[in-house]
Amino acid sequence: MTLITQAPVLDALEARFPGSLEVVPAVDQPTVKAPKEMLLALMDFAKQSLGMSLLVDVTAVDWFPARPRFELVYHLLNPDTMERVRVKSWCHLNEEMPSVMGIWPGADWPERETYDLFGVVFSGRGEVHRIYMPEDWEGHPLRKDYPVAGPRVD
Amino acid sequence: MAQGVKTDDLFETGLHSSLSRESMVLNLGPQHPATHGVLRVRLTLDGETVLHAEPVIGYLHTGFEKTAETHTYQQANTLTDRMDYLSPLTNNLAYVLAVEKLMGIEVPKRAQYIRVLFSELSRLGSHLVWLGTHVMDLGAMSVLFYCLRERELILDLIEQTAGVRMNPSYFRVGGLAYDLPEGFHENCQRFLDGFPKWMQSYKNLVQGNPLIEDRLKGVGRLSKEDALALSATGPILRASGVPMDLRKSDPYCFYDEFEFDVPVRTGGDSFDRFWVRMEEMEQSVRIMNQALAKIDPVGAYTTTDRKVSLPPREEIYGNMEALIHQFKLVSGGFNVPKGEVYQGVEGPKGEMGFYIVSDGGARPYRWRARTPSFYNLQTMPTMTRGGLVADVIVAIGTIDIVLGDVDK
Amino acid sequence: MGLNQDPVKSVEEQAAERGILTTTVEKMTHWAQKSSLWPATFGLACCAIEMINVTNSRFDLARFGMEVFRASPRQADLMIVAGRVSQKMAPVVRTVWEQMPEPKWVISMGACASSGGVFDNYAIVQGVDHVVPVDVYVPGCPPTPDALLFGILKLQEKITRGLPPKYRELAAAGGPA
């Protein structure tokens, strides 16, 4: 099985942000890891210069009990060349992530979903509300320390 | 009709001068016949004009992702069926392709062709339900009965093969659950031969019908830029002028060996979305005819890698090793190497993708479904702004949502 | 001619011979009730699609006088809970049920509605009977249209036999409705 560590997208990103990105070998598509401080600059560059005009998905992975705890995962796609890139970033518990809604308005719902299910708060956008669970729900279900059955007692 | 008319303009022309400028909030759903399930829409209205339509979702939130983390990879396959339950097999396909990619499994070509055939059958079934229910929302009852009648034939083919009508979990990691049943080729061919005639009968009912066309033309317009910015995929994106179809542009399962066209329109209104789907149905039949011809009546339907695929029954009774494989697979599942993978396929509603993170164990560490309806539904406020209340129903219909897919 | 001429045949038998059927008002009501159940249009998930299929020409629910799906719960007396009930949906299900006029019946269609099914998790109510009293459970994931028809026939049988709806049964036992 070959891991992707080189791609034109990665070269372009590396040329624009030298030394600050980490290339993560993956089986399916070019993957980079960037600190959250430079996430917006990276995303803006990806959209404007690399033609990644479609934000395919925004989600998170909870690596509890590791620190930083949350890994944010963005899948981007260039619909003309079908090039894909996965951008990863991370944040600690109770830290805020910059919202990419200013770049792709379509990030609205997935960011709300990430807040609802992981409790990751996004800054730079309006107030983030829960999307799936009722407004008065306690806890964030997809966290690893949240029981599968929830608060239910059987 | 009222698309593009700003309410402020109406006030300035004096049309509304005698009325108060207060807006009204109308709640649609979650129990409403035209919202295709448990969708709730909060409409802010000025008279009949929609100022803002805000979908409120989560009424069918099922916790698939959390449940899947407690299942083995093979068990989690059954959950995927229940997301977009109108087209369970394309969900299966995205999932098994993702796991296979992560594990580096080679699947026999015959199995891939069968997957293509059943994915297209699923797409056809999903589009038939869309056509019937959408046209029923527009006021025509009879199309639904014709569509359901033909969908029964698709369900029969699936039942014959996989044992159940809906949620078959027919695709497994490594191949298929079972081989095709006896007589499948003839039955499927009979269906495919009959379909153009039925398709024509739907067209006769809707094509050029002013009652339907007036409700669709110019309604729910979505520009190419908006569609991309809001992460819409599938027929919605193609009706707005972006020719992106993963089957063509990022092929999987040997889709590049098939001849078919990707219907694209540029208007971005409900009418275009309607006809993109109608044309897609014809293309699906075209693909299925080719796939059926490519599938040999006998051959491998799953990989011989016994670490992921169950051994055949006969072997289990006579072979100790096969028995051990069977026991290990059923009781503990198989381990997936550490890593992450994303795989998208072109479902009937758009890009259905799975992002799976494995920690090397037999259960996924993170199991993320990128469901098309969830993203597509985001386009609704843009589509309906400035339109009429009746146009909201049309927009919901042409977005073609399945709530299991939205709420997952 | 008087009715009591033949000492061997009962009064009813003699009446039947003359084309007169006798029954009680109660039985008559039950017969009418079971033959004209009006289900509420209330689909939740996968099972809802099979519920729609039950009305199509192949399965033809109209044979049992039940094809009149009502969009308003105020016009319906049968609720078919077709699909999984989430924590967020549960209060809505209860409200819809409360809006239905009495007497009313509930069919729980499918594994999720009956017990939570494969979704033993935080999001799904583990059986709709936590929310509304259920008369008939139909197993399956999703149940085939035939299975739903069987469930409906069982409900009709229950009504014909004059058994009270589940919520009355619970109320009579002193439990919560």
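See above for the structure.
Residues numbered from 1 in each chain as written. Chains lettered and ligands numbered in written order. Predicted model: local features only at pLDDT ≥ 70, side-chain atom pairs only at ≥ 80, totals over all residues. Heavy atoms only, no water.

Peer 1: Can you tell me about the overall build of chain A, naming the residues and giving the values?
Peer 2: Check the secondary structure of chain A and you find three helices and seven strands. When its helices and strands are written in sequence order, chain A yields α-β-β-α-β-β-β-β-α-β. Against the compact-globule benchmark of 15 Å for 154 residues, chain A has a radius of gyration of 16 Å, which places it among compact chains. Structurally, chain A occupies a C-alpha span of about 55 × 35 × 25 Å along its principal axes. Among the 154 residues that make up chain A, the fraction classed as buried is 57%. (Helix = DSSP H or I, 4+ residues; strand = E, 2+ residues; numbered from the N terminus. Rg over C-alpha atoms; globule rule 2.2 N^0.38 Å. Buried < 20%, exposed > 50% of the residue type's maximum accessible area, 1.4 Å probe, protein only.)

Peer 1: I'd love a proper account of the interface of chain A and chain B, names of residues and values included.
Peer 2: The parts lose accessible area when they come together, and the size of an interface is often stated as this lost area. Taken together, the contact between chain A and chain B spans 45 residues of the former and 40 residues of the latter. Interface area for chain A against chain B, summed over the two sides, is near 3,600 Å², with a carbon-plus-sulfur share of 60%. Interface area lost by chain A to chain B is led by Met82, Trp109 and Tyr132 of chain A, which between them contribute 20%. Seen at the junction of chain A and chain B, the total is eight salt bridges. Seen at the junction of chain A and chain B, the total is 24 residue pairs in polar contact (both at pLDDT 80 or more). Where the side of chain A that touches chain B is concerned, the elements lending two or more residues are strand 3 (54-62), strand 4 (70-77), strand 5 (84-91) and helix 3 (108-118) of chain A. Counted by class, the side of chain A that touches chain B contains 29 nonpolar, six polar and 10 charged residues. (Contact = heavy atoms within 4.5 Å. Buried area = accessible area lost by both parts, 1.4 Å probe. Salt bridge = Lys/Arg side-chain N within 4 Å of Asp/Glu carboxyl O. Polar contact = N/O pair within 3.5 Å; in protein donor to acceptor, adjacent residues only side chain to side chain. Nonpolar A, V, L, I, M, F, W, Y, C, P; charged D, E, K, R; others polar.)

Peer 1: Can you tell me about the interface of chain B and chain C, naming the residues and giving the values?
Peer 2: Counting residues at the interface gives 29 residues for chain B, matched by 32 residues for chain C. Of the roughly 2,800 Å² buried between chain B and chain C on both sides combined, carbon and sulfur atoms contribute 61%. For the interface between chain B and chain C, the tally reads three salt bridges. A salt bridge links Arg58 of chain C to Asp156 of chain B; its shortest N-O distance comes to 2.7 Å. When contributions to the side of chain B that touches chain C are tallied by element, the ones reaching two or more residues are helix 2 (64-69) and helix 6 (142-162) of chain B. For the side of chain B that touches chain C, the element with the highest residue contribution is helix 6 of chain B, accounting for six residues. Considering only residue class, the side of chain B that touches chain C consists of 14 nonpolar, nine polar and six charged.

Peer 1: Got a sec to walk through the sheet that holds strand 1 (residues 22-23) of chain A? Specific residues and values, please.
Peer 2: All names here are of chain A. If you trace the five strands from one edge of the open sheet to the other, you get 1-2-5-4-3, paired in mixed fashion. Every other strand in the sheet has two partners, leaving strand 1 and strand 3 as the edge strands with one partner each. One ladder, built from two bridges, connects strand 1 with strand 2 (residues 31-33); its direction is antiparallel. Bridge assignment links Glu22 to a residue of strand 2, and that residue is Lys33. Those strands touched by helix 3 are strand 3 and strand 4, and its axis lies near 10° from that of strand 3. (Pairing = 2+ DSSP bridges. Axes fitted to C-alpha atoms, helices over the stretch in contact; angles between N-to-C directions.)

Peer 1: I'd like a description of helix 4 (residues 88-103) of chain B, backed by residues and values.
Peer 2: Residue pairs three or four apart in sequence face the same way in an α-helix, which turns once every 3.6 residues. Residue and element names in this part refer to chain B. Between its first and last C-alpha, helix 4 extends 23 Å over 16 residues, near the 22 Å set by a 1.5 Å rise per residue. Here helix 4 lies mainly inside the structure; 15 of its 16 residues are buried. One or two positions beyond helix 4, positive phi appears at Gly104, with a value near 70°. (Expected span 1.5 Å × (residues − 1).)

Peer 1: Lay out the sheet that holds strand 8 (residues 366-370) of chain B in plain terms, naming residues and giving numbers.
Peer 2: All names here are of chain B. Taking strand neighbours across the sheet as the criterion, the three strands line up as 6-7-8 in an open arrangement whose pairing is antiparallel. Whereas interior strands pair on both sides, the edge strands pair on one side only; in this sheet they are strand 6 (339-346) and strand 8. Along the sheet, successive strands turn relative to each other by an average axial angle of 10°, direction set aside. Bridging between strand 7 (residues 351-358) and strand 8 involves five bridges; their strand directions are antiparallel. Bridge pairing in strand 8 places Phe354 opposite Ala369. Where helix 3 (residues 73-81) meets the sheet, it contacts strand 7 and strand 8, and its direction lies at approximately 155° from that of strand 7.

Peer 1: So what's going on with a nonpolar patch on the surface? Residues and values would help.
Peer 2: Residues and elements named next belong to chain B. Residues Met136, Met141 and Phe145 make up a contiguous nonpolar surface patch of about 260 Å² in total accessible area. Mapped onto the secondary structure, Met141 falls in the loop between helix 5 (109-137) and helix 6. We classify Met141 as partly exposed; its relative accessible area is 47%. (Patch = residues over 30% accessible without salt bridge, like charges linked within 9 Å, V, L, I, M, F, W, Y side chains within 5 Å. Areas by Shrake-Rupley, 256 points an atom, 1.4 Å probe, with all protein chains shown as cover.)

Peer 1: Report on the pairing of strand 7 of chain B, specifying residues and quantitative values.
Peer 2: Residue and element names in this part refer to chain B. Within strand 7, eight of the eight residues are buried, leaving the element largely enclosed by the surrounding structure. Going residue by residue along strand 7, you find Glu351, Gly353, Tyr355 and Val357 tucked away on one face and Met352, Phe354, Ile356 and Ser358 tucked away on the opposite face as well. In this sheet, strand 7 lies alongside strand 6 in antiparallel orientation, the contact comprising eight bridges. By the bridge assignment for strand 7, Tyr342 is matched with Tyr355.

Peer 1: Any details on the nonpolar core? Residues and values, ideally.
Peer 2: The nonpolar side chains of soluble globular proteins are, as a tendency, buried together. Among the nonpolar cores identified, the biggest contains 207 residues, and Tyr74 of chain A together with Phe118 of chain B are the most heavily contacted of them. For Phe118 of chain B, the contacting residues outside a window of four places in its chain are Leu89, Leu157, Ile158, Thr161, Tyr170, Phe171, Leu180 and Phe184 of chain B. Formed by 21 residues, the second largest nonpolar core is a distinct cluster that contains Leu37, Ile80, Ala82 and Met109 of chain C. (Core = buried A, V, L, I, M, F, W, Y, C linked by side-chain atoms within 4.5 Å.)

Peer 1: Explain a negative patch on the surface residue by residue, including any values.
Peer 2: On the surface, a cluster of negative charge is made up of Glu127, Glu135, Asp136 and Glu138 of chain A. Mapped onto the elements, Glu127 of chain A comes out in the segment after strand 7 (121-123). (Lys, Arg positive; Asp, Glu negative; His and termini not counted. Charge placed at Lys NZ, Arg CZ, Asp CG, Glu CD.)

Peer 1: Report on the pattern of salt bridges, specifying residues and quantitative values.
Peer 2: Residue and element names in this part refer to chain B. Counted by the stated rule, this structure contains 50 salt bridges over all chains. In this structure, Arg82 and Asp81 form a salt bridge, with 4.0 Å as the shortest nitrogen-oxygen distance. Both residues of the pair, Arg82 and Asp81, belong to the buried class. For Arg165, the salt bridge identified is with Glu152, shortest N-O distance 3.0 Å. In this pair, Arg165 sits in the loop between helix 6 and strand 4 (171-172) while Glu152 sits in helix 6, placing the two residues 13 residues apart along the sequence. When sorted by exposure, Arg165 lands in the same class as Glu152, which is buried. Salt bridges here are not isolated pairs; linked through shared partners, they connect Glu120, Arg123, Arg238, Asp245, Arg247, Glu280 and Glu346.

Peer 1: Tell me about helix 2 (residues 39-48) of chain A, and name the residues and values.
Peer 2: All names here are of chain A. Buried within helix 2 we find Leu39, Leu42, Met43, Phe45 and Ala46. Seen from one end, helix 2 has its buried residues packed into an arc of 160°, which puts them on one side. Its buried side turned inward, helix 2 meets helix 1 (8-16), strand 4, strand 5 and strand 6 (96-98). (Arc of directions from axis to C-beta.)

Peer 1: Outline the environment of Asn92 of chain B, supporting the account with residue identities and numerical values.
Peer 2: Residues and elements named next belong to chain B. You can see Asn92 is positioned in helix 4. Along the chain, Asn92 and Phe171 lie 79 residues apart, while their C-alpha atoms are 6.0 Å from each other. Discounting residues that sit within four places of it in the chain, Asn92 has contacts with Asn77, Thr80, Asp81, Ser169, Tyr170 and Phe171.

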